[in-house]
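Geometric and topological summary
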Amino acid sequence: MADSTKSATLSIGDKTVELPIHHPTAGPDVLDIRKLYSQAGVFTYDPGYTSTASCDSTITFIDGDKGELLHRGYPIDQLASKSHYLEVCYLLLYGELPKAGELEEFENTITRHTMIHEQMHNFFRGYRRDAHPMAVMVGTVGAMAAFYHDSTDISDPHQREIASHRLIAKMPTIAAMAYKYSVGQPFVYPRNDLSYAANFLHMCFAVPAEEYVVNPILARAMDRIFTLHADHEQNASTSTVRLASSSGANPFACIAAGIACLWGPAHGGANQACLEMLKEIGDPERIPEFLARAKDKNDPFRLMGFGHRVYKNFDPRAKVMKQSADEVLDLLGVEDNPVLATAKELEKQALADDYFVERKLFPNVDFYSGVILEAMGFPLSMFTPIFAVGRTVGWVSQWKEMLNDPQNKIGRPRQLYLGETARDYVDIENR
Ligand code: CMC
């Protein structure tokens, strides 16, 4: 728990309550209201947790006004340019950058957990071919609890460690299998001689009929996409994982819950929704029409890939993603990509528009990622599963941190009840 040298005094009627104020290492001070109900008999009200810290954490820090994202103190742009995904995984899980031997051992461990139980292949075959890969992932990751009994005891640190490694290692395999199943192609087994990102591309795009050599520049771009999605502190899916875990649920059930939450278009589903929107706009001349719709409060349409609960400045991940989009399209020899052109023009017009300026709405991580993923050959339905692959380490790190926290309690929010008060049951003939 953070330091608390200050406190706030709250007076409600004839009661006065002293509330400690905690000082984080970065970010605003935090008012500790844990004793509020027992001392003053009131709850706080904060739908969507806009002002509420639900836990302590040492993993990730976001300064939304500055547009800064730090993992264990390291800025995301440095990690995206100098590090790579598995090193970032180690950093998130264990708190420090690994030494060479530690990294080698970690990579070896993850690589040796990439295959899934052979019987899970039958499980896949039960899905309809046109199932959304996210539906398949929610089901399959939840089903891991039925296949890996030896890593479901959360009171055993060794089992927790193995579950973490299994989840990080097997998520690309599961996502790639969901894709292969949807296109009617045979599953491709993982290759332990390839890097994490190259192996994922190979499992997605190789076929038994011919050799598939992974382009190292595309593997690097894929690795960067995973890195940019690795963690994002207490976002909706991470909070879902923590809440599910607070009851003592097994890790596979908790991560499946996180995947389910990620799927929504306000969260990870935004990358698919954003590319669909850019294609619907089609011609940059139609941008004003879509901007007008986004501003119209009677129209539910929102500019996808824009806005963020925490960032009130550029999402630092979007900057790296935009640069990657240019690099990948250049590498693939795509000179004029109409979707990228529409995205850039939309960004320009939105950032010059008072509505977006006043509300501090900037492009987020999902704005440019779809352009890159489509250029790599992924269908739209795979965008959110790829986000899930990258985010798995974040969910797992936060889950482990929570289980090690002595203050861990079952998550159980209160409510502002506005329904009927007690009344007598009325027999059906008298209603
Ligand atoms: N287009 C148009 N207006 C917007 C948008 C948008 N994308 N985002 C926010 N606003 C407006 C909103 O209508 C509100 O206006 P007013 O004050 O006049 O009522 C104001 O900006 C504040 O919005 P909010 O809904 O109170 O903000 P929030 O923090 O609850 O929502 C958000 C954050 C990300 C859900 C929202 O910005 C959004 O729906 N964006 C589009 C979906 C998207 O791109 N999501 C990906 C987020 S980043 C990756 C991830 O987390 O998975």
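Each chain carries its own residue numbering, running from 1 in the written order of its sequence. In keeping with the predicted nature of the model, local features appear solely for residues at pLDDT of at least 70, side-chain atom pairs appear and are counted solely at 80 or more, and the whole-chain, interface and lining totals rest on all residues. Side-chain numbers here rest on the full set of heavy atoms in the structure, without hydrogens or water.

In plain terms, the rule: UniProt positions are given in the numbering used here, feature names are shortened, and annotations may be inferred rather than shown by experiment.
As annotated in an unreviewed UniProt entry, the chain carries the name Citrate synthase and comes from Allosediminivita pacifica. Under the UniProt heading Sequence similarities (unreviewed entry), the note attached to the chain is "Belongs to the citrate synthase family." In its Catalytic activity (unreviewed entry) section, the UniProt record describing the chain reads: "oxaloacetate + acetyl-CoA + H2O = citrate + CoA + H(+)".

1. Section: the pairing of strand S2 (residues 15–23)
The condition is simple: Between any two strands, pairing holds if DSSP finds at least two bridges. Runs of H or I in DSSP of at least four residues are treated as helices and runs of E of at least two as strands, each being numbered from the N terminus.
Pairing between S2 and strand S3 (residues 30–31): 2 bridges, direction antiparallel. Bridge pairing in S3 links His-22 to Val-30.

2. Regarding the environment of Ile-33
Here is the rule we go by: By definition, residues are in contact when any of their heavy atoms lie within 4.5 Å.
Here Ile-33 is to be found in the loop between S3 and helix H1 (36–40). Aside from chain neighbours lying at most four places away, what touches Ile-33 is Leu-19 and Thr-44.

3. A look at the sheet that holds strand S4 (residues 60–63)
Strand order in this open sheet of 3 strands is S4-S5-S6, and the pairing throughout is antiparallel. Edge positions in the sheet fall to S4 and strand S6 (74–75), since each of these pairs with one other strand and no more. Pairing of strand S5 (residues 68–71) with S6 involves 2 bridges; the strand directions are antiparallel. Counterpart to His-71 in the pairing with S6 is Tyr-74.

4. A few points about the site of the ligand
Going by this rule: The cutoff for a nearby residue is simple: one of its non-hydrogen atoms must lie within 4 Å of the molecule or strand. Here a polar contact is taken to be a pair of N or O atoms separated by no more than 3.5 Å, where protein atoms must pair a possible hydrogen donor with a possible acceptor and residues adjacent in sequence count only if both atoms sit in side chains. Areas reported as accessible are Shrake-Rupley estimates using a 1.4 Å probe. Residue values count occlusion only from the protein chains shown. The residue classification treats Ala, Val, Leu, Ile, Met, Phe, Trp, Tyr, Cys and Pro as nonpolar and Asp, Glu, Lys and Arg as charged. All others, Gly included, are polar.
Neighbouring the ligand are 22 residues; His-267, Arg-302, Leu-303, Gly-305 and Arg-309 lie closest to it. Contacts to the ligand include Ala-266, whose backbone N or O atom sits 3.0 Å from a nitrogen atom. Backbone polar atom of Phe-306 to a nitrogen atom of the ligand: 2.9 Å apart, as the coordinates give it. Here the ligand, which alone exposes 940 Å², has 74% of that area covered by the protein. Split by residue class, the shell around the ligand holds 11 nonpolar, 6 polar and 5 charged.

5. Brief notes about the packing of aromatic side chains
Describing an aromatic ring pair means giving the distance of the ring centres and the angle of the ring planes. The line we're drawing: Two rings belonging to Phe, Tyr or Trp (six-membered ring only in the last case) form a pair when the distance between their centres is within 6.5 Å. Interplanar angles under 30 degrees mark stacking, angles over 60 mark edge-to-face geometry, and anything in between is tilted. Relative accessible area decides the class of each residue, using a 1.4 Å probe on protein chains only: under 20% of the type maximum gives buried, over 50% gives exposed, and in between gives partly exposed. Charge-over-ring contacts are defined here by two conditions on Lys NZ or Arg CZ: a distance within 6 Å of the ring centre and an angle within 35 degrees of the ring normal.
All told, the structure shown has 22 aromatic pairs when counted by the stated rule. A centroid spacing of 4.8 Å and a plane angle of 40° characterise the contact between Tyr-37 and Phe-43, whose relative ring orientation is tilted. A centroid spacing of 5.7 Å and a plane angle of 75° characterise the contact between Phe-306 and Phe-356, whose relative ring orientation is edge-to-face. Remark: Phe-356 occurs in helix H16 (residues 354–358) and Phe-306 occurs in the loop between helix H13 (287–295) and helix H14 (316–331); sequence separation between them is 50 residues. Side by side, Phe-306 and Phe-356 carry an identical accessibility label, which is buried. A network of ring pairs unites the aromatic residues Tyr-85, Tyr-179, Tyr-196, Phe-200, Phe-205, Tyr-212, Phe-226 and Phe-378 as a single cluster. For Arg-359, the ring lying beneath its charged end belongs to Tyr-355, and the centroid distance is 3.8 Å. Positioned above the aromatic ring of Tyr-37 is the side chain of Arg-414, whose terminal nitrogen or guanidinium carbon lies 5.0 Å from the ring centre.

6. A closer look at the nonpolar core
Going by this rule: Definition of nonpolar core: a set of buried residues of the types Ala, Val, Leu, Ile, Met, Phe, Trp, Tyr and Cys, connected through side-chain atoms within 4.5 Å. As annotated, the domain borders come from an automatic or database domain assignment.
With 113 residues, the main nonpolar core has Phe-200, Met-222, Met-277, Leu-303 and Phe-378 as its most contacted residues. Considering every element that reaches this core, the biggest residue donor is helix H7 (residues 157–182), with 12 residues. Residues lining this core come from more than one domain, with at least three contributed by each of domain 2 (71–229) and domain 3 (269–376). Ignoring anything within four residues of it in the chain, the contact list for Phe-378 reads Phe-200, Leu-201, Cys-204, Phe-205, Met-222, Leu-373, Phe-383 and Ile-386.

7. A look at helix H6 (residues 133–147)
Test applied: To estimate how far a helix should reach, multiply one less than its number of residues by 1.5 Å.
Helix length check: H6, at 15 residues, gives a terminal C-alpha distance of 20 Å against a target of 21 Å (1.5 Å per residue), a fit within 8%. Listed as buried for H6 are Pro-133, Met-134, Val-136, Met-137, Thr-140, Val-141, Ala-143, Met-144 and Ala-145. Buried residues in H6 make contact with helix H5 (120–125), H7, helix H11 (251–262) and helix H18 (383–403).

8. Describing the UniProt feature "active site" (unreviewed entry) in the chain
Feature annotation in UniProt places "active site" (unreviewed entry) on His-308 and Asp-366, given in this structure's numbering. A compact arrangement is adopted by the annotated residues: their sequence extent is 59 residues, whereas the largest C-alpha distance between any two is 10.7 Å. Structurally, His-308 is set in the loop between H13 and H14. Assessed through its relative accessible area of 24%, His-308 is described here as partly exposed. If near-sequence neighbours (up to four positions away) are discounted, His-308 is found in contact with His-232 and Arg-317. A polar contact is formed between the side chain of His-308 and the backbone nitrogen of Val-310, at a distance of 2.9 Å. Here Asp-366 shows up in helix H17 (residues 366–376). If sequence neighbours within four positions are ignored, Asp-366 has contacts with His-229, His-267, Ala-270, Asn-271, Cys-274, Gly-305 and Phe-387.

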